[in-house]
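Listed here are the chains, written in short residue letters.
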Amino acid sequence: MEKKSEINGHAMPSSASTDRILEKGARKSFLEKLMEFLRKNLLVIMTVSGVLVGVGLGMMVRNMNLTKAQMTYFAFPGEMLLRMLKMIILPLVVCSLVSGAASLDTRSLGKLGGIAVAYFLVTTLIASGIGVALAFIIKPGVGAGALNTNNLGLESVSSDKETADSFLDLARNLFPANLVAAAFRSYATDYKMVAVGNDTNGTTLYQKVPVGTETDGMNILGLVLFAMVFGVALRKLGDEGEELIRFFNAFNEATMVLVSWIMWYIPFGIMFLVGSKIVEMEDVVLLVTSLGKYIFASILGHIIHGGIVLPLIYFGFTRKNPFSFLSGLITPFTTAFATCSSSATLPSMIKCVEENNGVDKRISRFILPIGATVNMDGAAIFQCIAAVFIAQLNNAELNAGQIFTILVTATASSVGAAGIPAGGIITIAIILEAIGLPTNDLSLMLAVDWIVDRTTTVVNVEGDALGAGILHHINQQEMKKEQEQQQDRELAEVRVEAVANVQAEEETSPLVMHQTKALAATPEAIESVL
């Protein structure tokens, strides 16, 4: 029997009963906290679990020796995820940039745009520097001279595009001739041989002439520039442009609702994306032993840049913990790791940056689509390592001028790198052409690109997210300053009004009037009356 004490004739529970009640309450609150945590982070937990289950599923199915057709069927749920994410890119990029540019005043847009461009350029240059330094320290191509395309059974990758034409194509794609075609095609230079006459022996002479062609793939650069300028033009219209701005805002919000629905399919799709990639792998041991130093150098570069350099830059600007900011972005990082596509990660990145980190919608929807297109830090790292690797593979000594060319070309060409799987491989060809190295070893990069491209994409999207965080902080500081200045102006106006009121009261008060009359009644005045 429990002992009970009596106060004013009422039985009170003993201390043991009280402890049990408190313990029950504590347990309940712990369960509530656990349920709240699970409710908030359910998507993140499911996404990470999807990757882990996908690895296990891939290992299990790998032993079943599936045919090529069966592998295609196995990869189908993952393919559906990629198709959904790609479907949403066009409306998301165009509408978010139009509404973002229209919601910022021209001065803020210019300032934030300038800071964003400077941030993208500086971080990409640092990434290129890290890549070149690691390639010279680790020397991934030294001793791998016997390695070539044939002994790994790889198809060769041909690229005879001139460096100048690559950069001219970049400029041409900024201004697409047809906006509708830009949604699914981009401009690319090809070459044809044209007869220009005969030599002294009567042999026909030919010249390689560049000709314009259209290649499949969205011209995201042209769409980004048009959407941004169109948003600024709508703001300039004033009241006349308000209806169209509201239309794009509503379109943008509706697109984000679609994104939130697609995000619930991500864990399931990722499971099959990762699983199918493991099933498709052929002789992994041979590739890793042959190109292990290259893979190690690339991933180490990504860890240094993404884990040290970018967080330090964020901390330097905001004086806030960068890792607490990044912890809210696990879902987009997992999506980036599984899809290897910056563009496909954009929808979930915008949603998580706004909801988990409180970044202003005007900032995130303006800067993240641009970042997904032009900011490729991870790509710059592996492109520089790949260029030095191929130079070492061919026993070519790189001089200071060539190293500088690698840095500049990698930074510039990463702007035009497609935000798709293996999009950076083509830009390596530009770097190799610029420093006069053969491009026939590019297939080696393509063979291990499915490994390196995962960490590349994670670093790419991390740079975009931290850039949005920095711009949000700068914008908040500017708004705070403007509010303080406004308050100071209002206080000054209040003081001026108060002083004017006091003076008016003094002039019209009875005491002042009485004093004035008294002064008027001086002896001289009285004398004149007499």
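Residues numbered from 1 in each chain as written. Predicted model: local features only at pLDDT ≥ 70, side-chain atom pairs only at ≥ 80, totals over all residues. Heavy atoms only, no water.

A.B. asks: How would you summarise the overall build of the protein if you had to cite specific residues and measurements?
C.D. replies: A count of helical and extended segments in the protein gives 20 helices and 4 strands. A burial count over the protein gives 44% of its 530 residues as buried. The long-range fraction of contacts in the protein, counting pairs at least 24 apart against all pairs at least 6 apart in sequence, stands at 80%. Entry remark: accessible area of the protein is about 28200 Å², with carbon and sulfur atoms responsible for 63%. (Helix = DSSP H or I, 4+ residues; strand = E, 2+ residues; numbered from the N terminus. Buried < 20%, exposed > 50% of the residue type's maximum accessible area, 1.4 Å probe, protein only. Contact = heavy atoms within 4.5 Å. Areas by Shrake-Rupley, 256 points an atom, 1.4 Å probe, with all protein chains shown as cover.)

A.B. asks: So what's going on with the packing of helix α3 (residues 76–103) against helix α7 (residues 220–237)? Which residues, and what values?
C.D. replies: Contact geometry for α3 and α7: axes closest at 7 Å, N-to-C directions at 35 degrees. Here the hand of the crossing between α3 and α7 comes out right-handed. Side by side, α3 and α7 meet where I89, L90, V93, V94, L97, V98, A101, A102 and S103 of the first sit next to I220, L223, V224, A227, M228, F230, G231, V232, L234 and R235 of the second. Among the residues making up the contact of α3 with α7, the classes are represented as 16 nonpolar, 2 polar and 1 charged. (Axes fitted to C-alpha atoms, helices over the stretch in contact; angles between N-to-C directions. Left-handed = near helix turned anticlockwise from the far one by under 90°. Nonpolar A, V, L, I, M, F, W, Y, C, P; charged D, E, K, R; others polar.)

A.B. asks: Can you explain the packing of aromatic side chains? Please cite residues and give values.
C.D. replies: Taken as a whole and judged by the stated rule, the model has 10 aromatic pairs. Seen from their ring centres, Y314 and F325 are 5.1 Å apart, and the 40 degrees between their planes marks the pair as tilted. Here Y314, found in helix α10 (residues 284–318), pairs with F325, found in helix α11 (residues 322–326); they are 11 residues apart in sequence, far enough to count as distant. Residue class for F325 comes out buried when judged on its relative accessible area of 6%. Through a chain of ring-to-ring contacts, three or more aromatic side chains come together here, namely F226, F230, F247, F248 and F251. It is R454 that lies over the ring of F337; its NZ or CZ is 5.9 Å from the centre. (Phe/Tyr/Trp six-rings, centres within 6.5 Å; stacked < 30°, edge-to-face > 60°. Lys NZ or Arg CZ within 6 Å of the ring centre and 35° of its normal.)

A.B. asks: Can you lay out unusual backbone geometry for me, pointing to particular residues and giving the numbers?
C.D. replies: Even without being glycine, R319 reaches a positive phi, approximately 60 degrees. As for its position among the elements, R319 is in the loop between α10 and α11. With a phi close to 60 degrees, C340 is a non-glycine residue in the positive phi region. The topology assignment puts C340 in the loop between α12 (330–339) and α13 (342–357).

A.B. asks: If you had to explain the environment of F272 to someone new, which residues and values would you point to?
C.D. replies: Residue placement: F272 occurs in helix α9 (residues 266–280). Residues F272 and G78, 194 residues apart in the sequence, show an inter-C-alpha distance of 5.0 Å. When sequence neighbours within four positions are dropped, the list of residues in contact with F272 reads L57, F74, P77 and G78.

A.B. asks: Give a description of the pattern of salt bridges that names residues and reports values.
C.D. replies: In this structure the tally under the stated criterion is 10 salt bridges. E253 is the partner of K361 in a salt bridge, and the nearest nitrogen-oxygen pair spans 3.5 Å. One end of the pair, K361, is in helix α14 (residues 361–374); the other, E253, is in helix α8 (residues 239–263), with 108 residues separating them in the sequence. Taking relative accessible area as the criterion, K361 reaches 42% and is therefore assigned partly exposed. Residue class for E253 comes out partly exposed when judged on its relative accessible area of 35%. With its nearest N and O atoms 2.8 Å apart, the salt bridge here joins E354 to R365. In this pair, E354 is assigned in helix α13 and R365 in helix α14, connecting sequence segments 11 residues apart. Exposure remark for E354: the relative accessible area of 13% places this residue in the buried category. (Salt bridge = Lys/Arg side-chain N within 4 Å of Asp/Glu carboxyl O.)

A.B. asks: Let's hear about the pairing of strand β3 (residues 185–198): which residues, and what values?
C.D. replies: The pairing of β3 with strand β4 (residues 204–216) spans 13 bridges and is classified as antiparallel. Following the sheet pairing, D190 is matched in β4 by V211. Joining the antiparallel neighbours β3 and β4 is a turn of 5 residues, in which G202 adopts a positive phi near 90 degrees. (Pairing = 2+ DSSP bridges.)

A.B. asks: Explain α9 to me, and be specific about the residues and the numbers.
C.D. replies: Relative to the 21 Å expected for 15 residues at 1.5 Å per residue, α9 spans 21 Å between its end C-alpha atoms, a close match to the ideal helical length. Across the 15 residues of α9, 12 count as buried, placing the element largely inside the fold. Taken together, the buried positions of α9 are occupied by I266, P267, G269, I270, M271, F272, L273, V274, G275, S276, I278 and V279. (Expected span 1.5 Å × (residues − 1).)

A.B. asks: An account of the packing of α7 against α14 is requested, with residue identities and associated values reported.
C.D. replies: Across the interface, α7 lies against α14 with an axial gap of 10 Å and an inter-helix angle of 155 degrees. On the basis of their axis angle, the class for α7 and α14 is roughly antiparallel. Both α7 and α14 take part in a crossing whose hand is left-handed. Contact with α7, carried on its side by I220, L221, V224 and M228, involves F366, P369, I370, T373 and V374 of α14 and no other residues of that element. Of the residues that constitute the contact of α7 with α14, the class distribution is 8 nonpolar, 1 polar and no charged. (Parallel < 35°, antiparallel > 145°, perpendicular 65-115°, else oblique.)

A.B. asks: Residues and numbers for α8, please.
C.D. replies: Counted at 1.5 Å a residue, the expected span for α8 with its 25 residues is 36 Å, and the 36 Å between its end C-alpha atoms agrees. G241, I245, F248, N252, T255, M256, V259, S260, I262 and M263 are the residues of α8 that are buried.

A.B. asks: Quick one: what's the story with the nonpolar core, residue by residue and with numbers?
C.D. replies: Counting residues in each nonpolar core, the largest one holds 109 residues, and the members touching the most others are Y294, L329, I367, I406 and M445. Sorting elements by how many residues they give to this core places helix α18 (residues 442–508) first, with 14 residues. (Core = buried A, V, L, I, M, F, W, Y, C linked by side-chain atoms within 4.5 Å.)

A.B. asks: Could you give an account of the UniProt feature "transmembrane region" (unreviewed entry) in the protein, with specific residues and numbers?
C.D. replies: As recorded in UniProt, the feature "transmembrane region" (unreviewed entry) lies at residues 42–61, 81–104, 116–138, 217–234, 255–274, 294–317, 366–391 and 403–432. Its end C-alpha atoms 27 Å apart, residues 255–274 is made of 90% helix and 0% strand. With 100% helix and 0% strand, residues 294–317 has end C-alpha atoms that lie 33 Å from one another. (UniProt positions renumbered as here; feature names shortened; annotations may be inferred.)

A.B. asks: Quick rundown of the environment of S327? Include the residues and the values.
C.D. replies: For S327, the position within the fold is in the loop between α11 and α12. Under the relative-accessibility criterion, S327 is labelled partly exposed at 45%. With 30 residues separating them along the chain, S327 and N357 place their C-alpha atoms 9.3 Å apart.

A.B. asks: Let's hear about the side chain of S341: which residues, and what values?
C.D. replies: Relative to the helices and strands, S341 is located in the loop between α12 and α13. Classification of S341 by relative accessible area gives buried; the value is 3%. Among the polar contacts made by the side chain of S341, one reaches the main-chain amide nitrogen of A344 at a distance of 3.1 Å. (Polar contact = N/O pair within 3.5 Å; in protein donor to acceptor, adjacent residues only side chain to side chain.)

A.B. asks: So what about the environment of V93? Which residues, and what values?
C.D. replies: Along the chain, the position of V93 falls in helix α3. Judged by its relative accessible area of 2%, V93 falls in the buried class. The spatial distance from the C-alpha of V93 to the C-alpha of L223 is 8.0 Å, given a sequence separation of 130 residues.

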